[in-house]
Amino acid sequence: LVDSGANEHVCPPNWATHVDTDKDRAETILRDVQGNKVQDQGRKTVRLRFGYRENDGGHMAVVSFIVGDINPPLSSLGVFFARDVGLQETATSSSS
């Protein structure tokens, strides 16, 4: 899920279980959309593929997520734009 209002990428503890959670870092204060605190449980750095595999093989990115009690994982559109990750419109075909 990509969220235009999120300031951080956040994932639940049971997501990307093949990746260790780094708990040896400063806590980030997180709040959900209602203003409730979300406990920072560490950070996971994962490799993600963006794009359509059948068209271009996708694009790999290394993304750092704060681990917290949310579901589903949330990607911050603002963080991507701050790091000069752009979006490209592509044509899609529809079947009638």
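Draft legend 1. Quick peek at unusual backbone geometry. Proline 72 follows asparagine 71 through a cis peptide bond whose omega is 0 degrees. Locating proline 72 in the fold gives a position in the loop between β6 (59–67) and β7 (75–76). Phi angles above zero are rare outside glycine, and alanine 16 is one such case at about 50 degrees. As for its placement among the helices and strands, alanine 16 is situated in the loop between β2 (10–11) and β3 (30–31).

Draft legend 2. Representation of the nonpolar core. Ranked by size, the top nonpolar core spans nine residues in total: Cys11, Ala16, Val19, Val46, Leu48, Val63, Phe65, Val67 and Phe80. Mapped by element, the contributors of at least two residues to this core are β5 (43–50) and β6. Broken down by element, this core gets its largest block of residues, three residues, from β6. Setting aside anything within four residues of it in sequence, one finds valine 46 in contact with Trp15, Ala16, Val19, Ala61, Val62, Val63 and Phe65. Ranked by size, the runner-up nonpolar core spans seven residues in total, among them Val10, Ile66, Ile70 and Leu74.

Draft legend 3. Geometry of the side chain of lysine 44. Within the element layout of this structure, lysine 44 appears in strand β5. There is no salt bridge for the buried lysine 44, and the closest opposite charge comes from aspartate 20, which lies 8.1 Å off by N-O distance. Separated by 3.3 Å, the side chain of lysine 44 and the backbone oxygen of alanine 16 make a polar contact. Here lysine 44 is in contact with Cys11, Pro13, Trp15, Ala16, Thr17, Val19, Asp20, Thr21, Val63, Ser64, Phe65 and Val67, once residues within four sequence places are set aside.

About the thresholds
Residues numbered from 1 in each chain as written. Predicted model: local features only at pLDDT ≥ 70, side-chain atom pairs only at ≥ 80, totals over all residues. Heavy atoms only, no water. Helix = DSSP H or I, 4+ residues; strand = E, 2+ residues; numbered from the N terminus. Core = buried A, V, L, I, M, F, W, Y, C linked by side-chain atoms within 4.5 Å. Buried < 20%, exposed > 50% of the residue type's maximum accessible area, 1.4 Å probe, protein only. Contact = heavy atoms within 4.5 Å. Lys, Arg positive; Asp, Glu negative; His and termini not counted. Salt bridge = Lys/Arg side-chain N within 4 Å of Asp/Glu carboxyl O. Polar contact = N/O pair within 3.5 Å; in protein donor to acceptor, adjacent residues only side chain to side chain.

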